[in-house]
Amino acid sequence: MSDPAAVPPGARPATPKFELHVHLEGTVEPVTLLGLARRNGLRLPADTVAGLEKMYRFTSLDQFINAWIQTTNCLRTAEDFRQITVEYIGRVVALGWPPMSRPSSRPQSGLKDGDRAR
Ligand SMILES: [Zn+2]
């Protein structure tokens with residue numbers, strides 16, 4: 001019986017993947033963005049996951065900037081950043097990608113130097 005994890009002859013082994021650099025704002029899933037907006041009493045251009053998925057499928061710089069602004073505007077508290085960090089790390093670990101770099105972000109409001117998510 002053959003080893004199911006063995007790489008067949010001639011096939012390339014799976015290439016290990018990892019992220020060298022990531023902005024936390026870019027990791028926010030639509031369902032999370034909806035929750036953040038609700039929690040912070042904010043409105044988004046769409047109020048469904050499908051609607052926000054459309055917003056995330058940008059085809060121009062203007063659309064990308066709009067999606068980035070809509071997302072960062074919903075990140076208001078240390079808890080918001082804690083949530084998106086935990087969710088991002090969970091997804092990366094589930095994919096088997098070691099988190100290689102410290103996620104970066106630029107808090108837009110509500111956070112001061114020294115604030116820490118718990
Ligand atoms: Zn960057």
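(A) Representation of the overall build of the chain within the structure. Looking only at helices and strands, the chain has 4 helices and 0 strands in total. Helices and strands appear in the chain in the N-to-C order α-α-α-α. The long-range fraction of contacts in the chain, counting pairs at least 24 apart against all pairs at least 6 apart in sequence, stands at 71%.

(B) Region of the structure containing the nonpolar core. Ranked by size, the top nonpolar core spans 11 residues in total: Leu-24, Val-28, Leu-33, Leu-36, Ala-37, Leu-52, Cys-74, Leu-75, Phe-81, Ile-84 and Tyr-88. At the level of secondary structure, the elements contributing two or more residues to this core comprise α1 (30-39) and α4 (78-94). What Leu-33 contacts, discounting residues up to four positions off in sequence, is Val-28, Leu-44, Leu-52, Thr-71 and Cys-74.

(C) Local environment of the environment of Asn-66. Turning to its location among the elements, Asn-66 is positioned in helix α3 (residues 61-73). Along the backbone, Asn-66 and Tyr-56 are 10 residues apart, and their C-alpha atoms lie at a distance of 9.4 Å.

(D) The environment of Ala-37, seen in detail. The residue Ala-37 is located in helix α1 in this model. With sequence-adjacent residues up to four places away left out, Ala-37 is seen in contact with Leu-42, Arg-43, Leu-44 and Cys-74.

(E) Inspection of the confidence of the model for the chain at higher detail. Confidence in the prediction for the chain averages 83 pLDDT; 76% of positions are at 70 or higher. Confidence, read as mean pLDDT per element, is least for α4 in the chain (92) and greatest for α1 (97).

(F) Structural detail: α4. Helix length check: α4, at 17 residues, gives a terminal C-alpha distance of 24 Å against a target of 24 Å (1.5 Å per residue), a fit within 8%. Buried within α4 we find Asp-80, Phe-81, Ile-84 and Tyr-88. Down the axis of α4, the buried set is contained in an arc of 95 degrees. They therefore lie on one face. Those residues of α4 that are exposed and angled more than 90 degrees off the buried face are Val-86, Gly-90, Val-93 and Ala-94. Contacts from the buried residues of α4 go to α1. Of the residues trailing α4, Gly-96 is marked for its positive phi of about 80 degrees.

(G) Here's a closer look at the packing of α1 against helix α2 (residues 49-56). For the pair α1 and α2, the least separation of the axes is 9 Å and the interaxial angle reads 110 degrees. Classified by the angle their axes make, α1 and α2 are roughly perpendicular. Along this stretch, α1 crosses α2, giving a crossing that reads as right-handed. Of the residues in α2, those in contact with Pro-30, Val-31, Leu-33 and Leu-34 of α1 are Val-49, Leu-52, Glu-53 and Tyr-56. In the contact of α1 with α2, the residues fall into 7 nonpolar, no polar and 1 charged.

Criteria and thresholds
- Residues numbered from 1 in each chain as written.
- Predicted model: local features only at pLDDT ≥ 70, side-chain atom pairs only at ≥ 80, totals over all residues.
- Helix = DSSP H or I, 4+ residues; strand = E, 2+ residues; numbered from the N terminus.
- Contact = placed C-beta atoms within 7 Å.
- Core = buried A, V, L, I, M, F, W, Y, C linked by C-beta atoms within 7 Å.
- Buried ≥ 20, exposed ≤ 12 C-beta atoms within 10 Å, placed from the backbone.
- pLDDT = per-residue confidence, 0-100.
- Expected span 1.5 Å × (residues − 1).
- Arc of directions from axis to C-beta.
- Axes fitted to C-alpha atoms, helices over the stretch in contact; angles between N-to-C directions.
- Parallel < 35°, antiparallel > 145°, perpendicular 65-115°, else oblique.
- Left-handed = near helix turned anticlockwise from the far one by under 90°.
- Nonpolar A, V, L, I, M, F, W, Y, C, P; charged D, E, K, R; others polar.

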